[in-house]
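Per-entry structural report
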Amino acid sequence: MPRTSIIKHLGLLGVCIPLLLITTACNASKQVINECGWFINPVPNEVTFATKHESWIISQQGGHEAQGDWPEFPDKQWAVTNSGFHGYGCACMKLEVETATHFVQKIVDSKIKSLDYCRATLKLKTPTK
């Protein structure tokens, strides 16, 4: 292989390897989690999912909103804390998350649990208003 061709290939490696490392680092901060916790919706389009270990952002007013369907809580499993239907419920959720930002990218699945499940079984503090 001619010397100039080798230099070109080495130059490409100098560009590709850093890009590969950046891509790998970015992908490393994305993961799928299965957790149970509070699905908290205190005001329109403001939703977090608070587990025993972390708090994840599902939706922010005027900003981020995760893909996927929000759980639909029956009245007896939803605590209203604000006007209308805003409040919180207990759910177990499978989520695609961005660990660096705590943004939920996608709600993969959700199972509604009783309010007592989060309070008594998981021993989570009840969300404040």
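Residues numbered from 1 in each chain as written. Predicted model: local features only at pLDDT ≥ 70, side-chain atom pairs only at ≥ 80, totals over all residues. Heavy atoms only, no water.

1. What to know about the overall build of the protein
Counting its secondary structure elements, the protein contains two helices and six strands. Along its sequence from the N terminus, the protein presents helices and strands in the succession α-β-β-β-β-β-β-α. When burial is assessed residue by residue, the protein has 33% of its 129 residues classed as buried. Summarising the internal contacts of the protein: among those between residues at least 6 apart in sequence, 56% fall at separations of at least 24. (Helix = DSSP H or I, 4+ residues; strand = E, 2+ residues; numbered from the N terminus. Buried < 20%, exposed > 50% of the residue type's maximum accessible area, 1.4 Å probe, protein only. Contact = heavy atoms within 4.5 Å.)

2. A word on the nonpolar core
In summary, soluble globular proteins display a tendency toward joint burial of nonpolar side chains. Counting 15 residues, the largest nonpolar core has F39, I58, M93, L95 and V104 as the members making the most contacts within it. Of all elements in the fold, only β1 (30–43), β2 (46–50), β3 (55–59), β5 (87–98) and β6 (103–113) reach the threshold of two or more residues within this core. Here this core takes four residues from β5, the largest share from any one element. With near-sequence residues (within four places) excluded, V104 lies in contact with W56, I57, I58, H64, A66, L95, E96 and V97. In terms of nonpolar packing, the next biggest core, distinct from the first, is built from twelve residues, A79, Y88, C90 and C92 among them. (Core = buried A, V, L, I, M, F, W, Y, C linked by side-chain atoms within 4.5 Å.)

3. With respect to the confidence of the model for the protein
If pLDDT is low for a region, its predicted coordinates should not be looked at in detail. Across the protein, pLDDT averages 85, with 78% of residues at or above 70. Long-range and interchain partners of residues 15–25, a stretch whose pLDDT sits below 50, account for one contact in this model, where long-range means more than four residues apart. (pLDDT = per-residue confidence, 0-100.)

4. Details of the state of the cysteines
Scanning the entire structure with this criterion turns up two disulfides. What pairs with C90 in a disulfide is C118, and their sulfur atoms sit 2.1 Å apart. The chirality of the disulfide connecting C90 with C118 is right-handed, given an S-S dihedral of about 80°. Of the two residues, C90 sits in strand β5 while C118 sits in helix α2 (residues 115–121), which places them 28 residues apart along the sequence. Residue classification places C90 among the buried residues on the basis of a relative accessible area of 0%. (Disulfide = S-S within 2.5 Å.)

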